[in-house]
Amino acid sequence: MTGRVFDIKRYSIHDGPGIRTTVFLKGCALRCLWCHNPESVEAGPELMHWPARCSRCYACIKACPKAAISKDAAGAVVIDRRTCDLCGECAEACLYDAMQMVGRDMSVEDVLSEVEKDRVFYEQSGGGITLSGGDPFVQAAFAEALLDGCRERGMRTAVDTAGLSQNGVLDRLAAKADLILYDLKCMDDTRHREFTGVSNAPILDNLRRLAAGRTEIWARIPLVLGVNDDDDNIRRTIAFLSSLKTIRRVGILPYHSGGLEKARRIGRESHFRKFETPSEGRIAAVEAAFREAGFEVRRGG
Amino acid sequence: MNERIKKLRRQTLEAKPTISAERAKLVTEFYKKPETRGLSTPMQRALAFKHIMEKKSIVFNDSELIVGERGPAPKATPTYPEVCIHSLQDLRYLNDRKKTAFASDDEARRVYAEEIIPFWRGRSQRDRIFAEMTKEWIDAYEAGVFTEFMEQRAPGHTVLDGKIYRKGMLDFKKDIEAALAALDFMNDPAAYDKQEELKAMAVSVEAMVAFARRHAEKARELAKGEKDPARKKELERIAEVCDRVPARAPRDFWEALQAYWFVHLGVITEYNTWDSFNPGRLDQHLWPFYQTGLADGTLTKESARELLQAFWVKFNNQPAPPKVGVTAEESGTYTDFALINVGGLKEDGTDGVNELSFLLLDVIEEMRILQPSSMVQVSAKGPDSFLLRALKIVKTGFGQPSIFNTDAIVQELVRQGKSVVDARNGGASGCVESGAFGKEAYILTGYFNLPKVFEITLNNGIDPRTGRKIGLETGDPTAFKTFDELFEAFRKQVRHFVDIKVRGSNVIERLYAIYLPAPFLSVLVDDCVKSGKDYHAGGARYNTNYIQGVGVGTITDILSSVRYNVYDNGHFTMKELLEALKSNFVGYEALRQRVLNRTPKFGNDDDYADGLMKRIFEAYFEAIDGRPTPRGGSYRINLLPTTAHIYFGKMTGATADGRLAGDAVSEGVSPVQGADRKGPTAVIKSLGKMDHIRTGGTLLNQKFTPQLLADDTGLAAVKDLVRSYFRLMGHHIQFNVVTADLLREAQAQPEKYRDLIVRVAGYSDYFVDCSTELQDEIIHRTEHQEL
C-alpha cells in the first residue's frame, strides 16, 4: 500500500510529547483560509516554485514537455499551471531545488523505515511518530497501516486531526493511536463555515464521542485575530472542552503569515487570505482564560 | 555577584594584553651566567625556573582574594625565548593587529633587540626543530598538509588530578628525596640521569615554595600599610594562606584554591605549555573542603561562591602566549583552553555530581568570561537536572559549558590501556581531548588536513596550489576504473603523510626530552618522581601522541560526490571533475549544483555518505593508532580542528563536494556547513555511526537559535538530544546559540545556511526556507532575546 506524503520532519518537538518525527500526509477535508501548510490541502501532487532559489538557468523551460514554463519580461520563471500536468520533469532538471514536487507516493514500509531512524530519540524522550497533514484521515487506510506498523515496532504515535471524517474511521484510528491532537477553530458554525468551508457540527460531535474513549486527547486552537480570539468564542470553547471532562491540555497556536509564501510557491495564493496575529497581550489573556478553567496550556502545541 | 567580584571582573575585562619581557630577560640573565654551563640540562632548567620565581615581580591586584600573576600585571604576557623567539616584526605585528593585539612598549622592544634576540638566535627550540626536519616534512608543512604544535609552544598537554590537595610541595620533596636515595648506581645505567632529573625536581619545588613565600611577605607588608580594617584582615589572611600553600597541603577551601593557583602559575611560567594546564575535576577536588567548611562554619555557600569567582578571574588574566611568524597571523586568540571539568563520575564509579557542581555552574553563568573555559561531564548515572542546568547557561549564548560524555571518555581511556580508576578520575581538556588527569602526558602534535591529502591524490602527488610534487605518485586518477582503486590511492597518500608527520614528531619529542625537560611539571604528573624521568621523556604513567584529523565532513562529502557522480551514476567523468576543480567551478555551475544539491552528504543519517565516513575513519585510524612514540607511549587519533579548518581551507583548492577554493573545510566532526538538511537528530545519527571510542576525542558543533531553547519543552528536547547522542557513544557536543548577525548573514547567503533551524511559532523550520518577512521577524526576535 502506498500513500501520498508531502514531508517527513524529524526533531519535531511541538506535535506531542518528546522528540518526534511528524509524517505529513497530503489532503485535507477543511479549507481553512489561514492554513499554514497550503501545500497540504489538495490530495494530488503539486509543483512548488522557489523564485529566491532560481538561478535563471532555464533548465526547467527546456525540460518541460508541455511548454508550461516560460520567462517573463524581467527574466523570471513563470509557470502556466493550467497547462502543467505535474509530470515533475522540471523539478528533476532543476539542480538549484527551485522547482520541487510536493507529495510523493511512499509505501508503508518506506515511511516506517524512515521514521524508525530516530527510535533512540523517541525512547529517550518519550516521543514517537505524529501523523499530520492535511488531515491524515483523508488517507485513512494508509494512516491506519502506519499506526499499526508503528505499534508493531514499539513506537508510540500521535494523530493530528481536524476531526472531520465519517463512517467511524476516526474512532477506529483514534483507538490505534496513543494520543490525538484535535484541532478546534471556532464554535460559531456560521463563522466556521465561512473560514474553513465546512460546518463544525460533525467535528464537535466527533470530539464528544472520542473524548469518551480511551485515547488521550490534546486540543489545539490556531488563534487568529478577528476570527476566533474574541471573548465569546474563547468562553464557548472552554465551556465545550470542559463539558467533555477528559481533555486536560490545550495548545494555543498563534497565527502567522508564513503560509502565504508557501501558497504563492504552489500558485494557490488566491485560495488563502492574510490574517493578523493576535497581540502578545491577547494571546496571553486567552492562555490565562484556559488556565483558569483548569487546562494545562502550551503555546504552540 | 558582589561588589568585589564586579570590580575584579571589570579589572580583568578592561586589562589590556601586553607583552612582558620580564621572563625572557630573567631566563636570558640566568643562561648568561658562566656557572650555568657546567650544569646538567635538567638542573639548568630547574635553576632557571628558580631564578624566575625568585626574581619576577609580585603582583597584588586591588581587592583580590586569590593572588599571583604570571606577568608583572594582569594580561602582561611573558615570552619563552628558549622555546621560540619573537622577532621585532612579530612584536610590531602583535602590537598593531586589530584583533587580539598584544601591546609592547619601546623598552620591551629594546630588551628584545639588545638582549633576547642576540642571545637566543639559533639556540631556541624552534631553531633546532626546523634544522632537524626533513625536506619532505617542510614541504608538507608549508603546503598545509599538517601543522606542528611544538614548533613554538612546549608540549604540556595535561591536567592536574587531586594530589596537590592532599600533599604540599614539601611532601613532594620528601618523595623526591626518597627516590634519590633509592637510586641504584650499580645496576641502573640511567641512575645518573635520574639523579639529575630528581635533583632538578627538588629545586623546582623549592622555587615554587619561595614564590608563595614572597607573596606572603608582600601581603604582610601591604597589610601593615592598609587603612581599611576589613582589607587589612583579608591581607593578613592571604599572608597566612600563602605561608601554608603550596608548601604544605591546604586545610580549607580558600587554601585549596590558592594552592592550585600557585601551581598553575608555576606550570605556565616554566613553559608556554599548549592547552594551558587546569585543575580538571574542580567539584571533586574541592568537595571535601566545601563540606568541612560548611560543617565547621568557616565557609558559607556565598563565601565559597566569592572565592570561586575570584579564582575564575585569575585565569582570565593569563591570555595565551602569542605566537610568532606566520602562525601569529594565522591564529589570533587569547584563549588558552583551561577547561574546568564539572560533574562526571567518582573513582568508585558512582555519580560525581554534587552541590558544588551546581555552584560551579552558577559561577560560570555569572562570570561569563573567556577563561577559564568550562565543560560538564554527563554520565548515564548523572541527574537530568544537572544537564538541564548546564543547558540553561548554554542558552545564554557564550558557548559554555560544552557537554561531554563521561562514559565515552572512560571507555576511550580504558581502550588505550588506562586503569578504570585512572580513567574515571580523568576527563577532557583543551578542546575535547580525553586524558587521565595527573597521570598522562597527552600531546597534541598537530592538525592533519584530510581534504588536502585527497587533493594531492587527485593530482598524483602534486600540490596544485604550488605545482610542487610533495606526495606519492599514486596514479593518474582518470585511469582508476573503480572507486576502490581511488580510495586505495587516497589511503596510501594518508599513510605517506602520516609517516612524514610521525617521523618529525619523534624527533621533536626527543629534542624536548634532551634540551628542554620540565622538572616542575614532572613533579605534578605521576609517575615522573617514582621513575626519575621527565614529563617530556616518558616519565608519566601514560604517554600519548595525538594527530588531530581535520575536515571529516568535507572529505566524506568529497568521496561521496566522486563515488556517486563519477563511479556509480556517471553524472560526470573524472576528467570533467578535475577540470571543474581546476577552474574553481567557473563554467561548471551545473556540475557544482548537482554536487551541492543532488549528492548524498554526511550528516543526514544517509548510509551512503556515512559509510564512507566510516571507511575514512578506518584509513586514518589504521595509519596512526598504536604506532610507538619515543616516550614509550602510542600515537592515537582525535578529530578536532580548533581554528585549523579555516587555515587548511585557505591552503586547499576547490573540492568535489562543491566547496570553493580557499573556503574553510568542515569543522570538528560536524557536517559541512549547510550540508545537513534533516535536522539535529539526523546529524546525531550520522555521528553515532562513528566509533568515538577509538579516538581520544571528537568535536561536534550544533547551531541553535535561542528560541529553540527558550521554553521548558525546547530545553527538555535538547537535553534528550544530548542523552541520545551519548547513548550512541558520542564524545562531545556543543551548542552555539546563533545571533541576529548570523541570521542576517544566512539571509544574504542562504546556500551556506541550509542547516539552520529556527522556531517559527508552534513549529520549527529551516530559516532559509522562510519568507523574507518571516526571516526579518525572526531576526528581530533573536535580537530581542540577546542580552
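Residues numbered from 1 in each chain as written. Chains lettered and ligands numbered in written order. Predicted model: local features only at pLDDT ≥ 70, side-chain atom pairs only at ≥ 80, totals over all residues. Heavy atoms only, no water.

Here the focus is the overall build of chain B. The number of helices and strands found in chain B is 32 helices and 16 strands. The C-alpha atoms of chain B give 26 Å as radius of gyration, which agrees with the globular expectation for 787 residues (28 Å, within 12%). Along the first, second and third principal axes, the C-alpha set of chain B runs to 80 × 60 × 55 Å. Residues counted as buried form 64% of the 787 residues belonging to chain B. The contacts of chain B with a sequence gap of at least 6 include a subset with a gap of at least 24, amounting to 77%. Taken as a whole, chain B presents about 26,700 Å² of accessible surface, with 51% of it coming from carbon and sulfur. Between the averaged position of the 106 positive side-chain charges in chain B and that of its 109 negative side-chain charges there is a distance of 2 Å. (Helix = DSSP H or I, 4+ residues; strand = E, 2+ residues; numbered from the N terminus. Rg over C-alpha atoms; globule rule 2.2 N^0.38 Å. Buried < 20%, exposed > 50% of the residue type's maximum accessible area, 1.4 Å probe, protein only. Contact = heavy atoms within 4.5 Å. Areas by Shrake-Rupley, 256 points an atom, 1.4 Å probe, with all protein chains shown as cover. Lys, Arg positive; Asp, Glu negative; His and termini not counted. Charge placed at Lys NZ, Arg CZ, Asp CG, Glu CD.)

Listed as buried for helix α2 (residues 22-32) of chain B are B:Arg23, B:Ala24, B:Leu26, B:Val27, B:Thr28, B:Phe30 and B:Tyr31. The elements touched by buried residues of α2(B) are α3 (41-55), β2 (76-78), α5 (106-120) and α12 (253-270) of chain B.

Turning next to the pairing of strand β3 (residues 46-49) of chain A. Residues and elements named next belong to chain A. Here β3 shows two buried faces, one formed by Glu46 and Met48 and the other by Leu47 and His49. Bridging between β3 and strand β6 (residues 99-102) involves 4 bridges; their strand directions are antiparallel. In the sheet register, Leu47 faces β6, and the bridge partner there is Met101. (Pairing = 2+ DSSP bridges.)

Residues and elements named next belong to chain B. For the pair α3 and helix α10 (residues 191-225), the least separation of the axes is 8 Å and the interaxial angle reads 5 degrees. With respect to their mutual orientation, α3 and α10 come out roughly parallel. For the pair α3 and α10, contact is made by Pro42, Met43, Ala46, Leu47, Phe49, Lys50, Met53, Glu54 and Lys55 and by Glu196, Glu197, Lys199, Ala200, Val203, Ser204, Glu206, Ala207, Met208, Ala210, Phe211 and Arg214, respectively. (Axes fitted to C-alpha atoms, helices over the stretch in contact; angles between N-to-C directions. Parallel < 35°, antiparallel > 145°, perpendicular 65-115°, else oblique.)

Two strands in a sheet stick together by hydrogen bonds in their backbones, pointing the same way (parallel) or opposite ways (antiparallel). All names here are of chain B. If you walk across this open sheet you meet the 5 strands as β3-β4-β5-β14-β13, and the pairing is mixed. In this open sheet, the two strands that pair with only one neighbour each are β3 (339-343) and β13 (701-704). Between one strand axis and the next, the sheet turns by 30 degrees as a mean value, whatever way the strands run. Pairing of strand β5 (residues 402-405) with strand β14 (residues 732-737) involves 2 bridges; the strand directions are antiparallel. Bridged to Ile403 within β14 is Ile733. In the packing of helix α18 (residues 406-415) onto the sheet, the strands contacted are β4 (373-378) and β5, and the crossing angle to β5 comes to about 55 degrees.

Residues and elements named next belong to chain B. Taken together, 3 strands build an open sheet; the order of strands is β8-β11-β12 and the sheet is parallel. Both edges of this open sheet fall to β8 (440-449) and β12 (634-638), since each of them pairs with a single strand only. When strand polarity is set aside, the average angle formed by the axes of neighbouring strands in this sheet is 30 degrees. In the sheet, β8 pairs with strand β11 (residues 542-550) via 9 bridges, with the strands oriented parallel. Bridging from a neighbouring strand, Ala441 pairs with Asn543 of β11.

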